[in-house]
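One letter stands for each residue in the lines below.
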Amino acid sequence: MIHGCIKSKRKAYSVADKLAAVGRVLNGESNANVGRDLGLPDSTLRGWVKDAPKLRQFIKDVEQEEGLSRKRARTTKDIELDKALYNWLVQKHSRGISISGQLLREQAEKFRIWYRCRFQSQ
């Protein structure tokens, strides 16, 4: 407790949770009511409503099940590189190999260089 304030832990909502909340607002329920039910500030919910088209596009751009479970709707600039890195990571995980963030970044750089060389030579 700091200066009489109790801090609550931030909750990360999945894309599916965000779209469900947005759907309630678009179906006529008030922002205040939906926000109160979910423990959200009005400004957060307004942001989700404003970003709803981006969230829906994100679901279309990635595999739907994976996209709905993600917390953040970030997309890649290079889809082929992202797919290669994701497949590499899944392959390593299936073999029981744990991958650190640093190793993932290094592999991404290797793929980036490989893709750049491959496309420049064509």
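Before reading further, recall that the structure is shown in the block above.
Source: prediction; values computed, not measured.

Draft legend 1. Highlighting helix 1 (residues 15-26). The end-to-end C-alpha distance of helix 1, which contains 12 residues, comes to 16 Å, matching closely the 16 Å that a straight helix rising 1.5 Å per residue would cover. Turning to helix 1, its buried residues number three or more, namely Val15, Lys18, Leu19, Ala21, Val22 and Val25. Looking straight down helix 1, one finds its buried side chains confined to an arc of 160°; they lie on one side. Following helix 1 by one or two positions, Gly28 adopts a phi angle in the positive range, close to 105°.

Draft legend 2. Spatial organisation of the pattern of salt bridges. Counting across every chain of the model gives 4 salt bridges. The shortest N-O distance in the salt bridge between Arg24 and Glu29 comes to 2.7 Å. Overall, Arg24 belongs to the partly exposed group, its relative accessible area being 27%. Taking relative accessible area as the criterion, Glu29 reaches 25% and is therefore assigned partly exposed. For the salt bridge of Asp51 with Lys54, the shortest nitrogen-to-oxygen distance reads 4.0 Å. On the basis of relative accessibility, which here comes to 27%, the residue Asp51 falls in the partly exposed class. Looking at Lys54, the relative accessible area reads 60%, which means it is exposed. Ionic contacts of the salt-bridge type, sharing partners, join the residues Arg24, Glu29 and Asp37 into one network.

The rules behind each value
- Residues numbered from 1 in each chain as written.
- Predicted model: local features only at pLDDT ≥ 70, side-chain atom pairs only at ≥ 80, totals over all residues.
- Heavy atoms only, no water.
- Helix = DSSP H or I, 4+ residues; strand = E, 2+ residues; numbered from the N terminus.
- Expected span 1.5 Å × (residues − 1).
- Buried < 20%, exposed > 50% of the residue type's maximum accessible area, 1.4 Å probe, protein only.
- Arc of directions from axis to C-beta.
- Salt bridge = Lys/Arg side-chain N within 4 Å of Asp/Glu carboxyl O.

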